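Examination of the molecular architecture
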Amino acid sequence: MNKYKVDLSKWMRLGLLWLILAACTANVCNSFFTKWGFREKTTYVSLESVINNTAFQPYVYRGTIPRLVDQAVSNIDEKTQLKLYQLITTSDVLKNHFFNGVPTESWTPRLALDYHLMYALMMIAFLIILIYMRKIYLHFKQGFTGSLLAIILFSLLYPLLFNHGAYFYDFFELLGLTLSTYFFLKNHKFLASLILILTAFNKETAFVAAFGFFFLHEKDYPLNKRIFYFMFQITLCLLVRHWIMAPYANNTDSALHFHLIDNLIYWLNPLHYLKVVNVYGIGMYAPALENIFLISWLLIWVKFGWKNLSTTLKQFTLGIFIPNFMLFFTFGSRDEFRNLSLSLLAIYILLIHGFDSFKNWLDASVKQPSKK
């Protein structure tokens, strides 16, 4: 049959991988844009207000990428802009489907191109996130099917973080953290540090990741070099933070909202552990992350993962999770889990290490048919 001895399995794996990456990227981006878009129905955080530097704090700080996109669009000559705009408005699929909150009079060639380029960049960003999350899985474990399942499960759970709100910069933050973590694991520490510093231009809280990366070294790695990388990362991240925040000190609102008491009241209410959300699509409700039906098996999975983690990875997880959790519980709003985004890669690695044990536990809990 296969007389030329062509390894068809490679093509089959490539085709399956391509399908999974495309489907997961489309699913996550579709659920994100269907529910939130670019927040064009708001004045305090819409993409247009971020580009124009009129958005409220802290959202106005996080406009590096859309401003660069707008700068690129503004450098296109008006004739070309108009031609591209005419192609867009032939159907206006994105505006009609996701961005119908933009007033018709505001849908200028420049803004339309800004929206379409940002949409494309976010799709590409999430695609790269999944590719490198798969690489992280393969760094720790072998198995083609396991690596696919890892990114499928991540893609199913990720939209649950966006119950209260979601913003364009969330995708670019996760991209930067994913790449930084991968290159740190591969011992390309300087490159990983540079990517983390670039991530700080997108969101000013990126410096928190440096506390976790301080521990992500081989056991015998010299302490002076650990300190060098930590100081290099955190110093430049904080300088970037000051740089991107300073011009907007007079913008409306403030960067921090204290919610500690509100959060305590929320989490002490047992009814919230039955919460359902419709982040996947209108009318399709699923358990929220804190729902007892979801959190119960996640905690068991985390328990197995923690047991199997090395000391280095345990220190890395705690190093990044503790300060992130303190920010989340003090300044986040109730179950706005997207504020735990800095810890996502550490949690993902934790779940990778618990997968086999959790799978065996699930299989053992299913009643086996009796043998006759």
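What comes next concerns the included structure. (Residues numbered from 1 in each chain as written. Predicted model: local features only at pLDDT ≥ 70, side-chain atom pairs only at ≥ 80, totals over all residues. Heavy atoms only, no water.)

Glancing now at the pattern of salt bridges. Oppositely charged side chains may form a pair once their charged atoms are brought near each other. On inspection of all chains with the given rule, the structure shows nine salt bridges. In this structure, Asp356 engages Lys141 in a salt bridge whose closest nitrogen and oxygen atoms are separated by 3.0 Å. Within this pair, whereas Asp356 is found in helix 15 (residues 344–365), its partner Lys141 is found in the loop between helix 6 (109–140) and helix 7 (144–157), the two being separated by 215 residues in sequence. For Lys141, a relative accessible area of 19% corresponds to the buried category. A salt bridge links Arg338 to Asp170; the shortest N-O distance between them is 2.9 Å. Here the residue Arg338 occupies a position in the loop between helix 14 (311–331) and helix 15, and Asp170 occupies one in helix 8 (residues 168–185), the gap between them amounting to 168 residues. Connected through shared salt-bridge partners, Asp170, Glu336 and Arg338 make up one network. (Salt bridge = Lys/Arg side-chain N within 4 Å of Asp/Glu carboxyl O. Helix = DSSP H or I, 4+ residues; strand = E, 2+ residues; numbered from the N terminus. Buried < 20%, exposed > 50% of the residue type's maximum accessible area, 1.4 Å probe, protein only.)

Here the bond from Gln57 into Pro58 is cis, since omega is 0 degrees, no more than 30 degrees from zero. Along the chain, the position of Pro58 falls in the loop between helix 2 (47–51) and helix 3 (64–74). The backbone phi angle of Arg39 is positive, close to 55 degrees, even though this residue is not glycine. In this structure, Arg39 sits in the loop between helix 1 (8–35) and helix 2. For Asp92, which is not glycine, the phi torsion reads 50 degrees and is therefore positive. With relative accessibility at 12%, the residue Asp92 sits in the buried group.

Our focus in this paragraph is the environment of Asn75. Relative to the helices and strands, Asn75 is located in the loop between helix 3 and helix 4 (78–89). Separated by 13 residues in sequence, Asn75 and Ile88 place their C-alpha atoms 19 Å apart.

To continue, consider a nonpolar patch on the surface. A cluster of nonpolar residues, Leu256, Phe258, Ile261, Leu264, Ile265, Leu268, Leu327 and Phe331, forms a patch on the protein surface that exposes about 800 Å² of accessible area. The set of elements that each furnish at least two residues to the nonpolar patch consists of helix 12 (260–267) and helix 14. Top contributing element to the nonpolar patch by residue count: helix 12, with three residues. Relative to the helices and strands, Phe258 resides in the loop between helix 11 (223–245) and helix 12. On the basis of relative accessible area, Phe258 is assigned to the exposed category, the value being 55%. (Patch = residues over 30% accessible without salt bridge, like charges linked within 9 Å, V, L, I, M, F, W, Y side chains within 5 Å. Areas by Shrake-Rupley, 256 points an atom, 1.4 Å probe, with all protein chains shown as cover.)

Here we come to the packing of aromatic side chains. Applying the stated rule across the entire model yields 51 aromatic pairs. Taken together, a centroid distance of 5.6 Å and an interplanar angle of 75 degrees make the contact between Phe214 and Phe230 edge-to-face. Pair noted here: Phe214 is in the loop between helix 10 (209–213) and helix 11 and Phe230 is in helix 11, with a separation of 16 residues, a long-range link. A relative accessible area of 17% means that Phe230 is categorised as buried. The ring of Trp107 has Lys95 lying over it, and the distance from NZ or CZ to the ring centre is 5.8 Å. Lys189 extends its terminal NZ or CZ atom over the ring of Tyr221, reaching a point 4.6 Å from the ring centre. (Phe/Tyr/Trp six-rings, centres within 6.5 Å; stacked < 30°, edge-to-face > 60°. Lys NZ or Arg CZ within 6 Å of the ring centre and 35° of its normal.)

In terms of strand pairing, strand 1 (residues 276–281) meets strand 2 (residues 284–287) through three bridges, oriented antiparallel. Opposite Val277, over in strand 2, you have Ala286 as the bridge partner. Turn length for the strand 1-strand 2 hairpin, with the two strands adjacent in sequence and antiparallel, is two residues, and the turn residue Gly283 shows positive phi of about 85 degrees. (Pairing = 2+ DSSP bridges.)

So, about the side chain of Lys275. Structurally, Lys275 is set in the loop between helix 12 and strand 1. A polar contact is formed between the side chain of Lys275 and the side chain of Asp335, at a distance of 2.9 Å. Ignoring anything within four residues of it in the chain, the contact list for Lys275 reads Asn163, His164, Tyr266, Pro287, Ala288, Glu290, Asn291 and Asp335. (Polar contact = N/O pair within 3.5 Å; in protein donor to acceptor, adjacent residues only side chain to side chain. Contact = heavy atoms within 4.5 Å.)

Taking 1.5 Å of rise per residue, the 14 residues of helix 7 would be expected to cover 20 Å, and the 21 Å separating its terminal C-alpha atoms lies within 8% of that figure. Considered for burial, the residues of helix 7 that qualify are Gly146, Ser147, Leu148, Ala150, Ile151, Phe154 and Ser155. (Expected span 1.5 Å × (residues − 1).)

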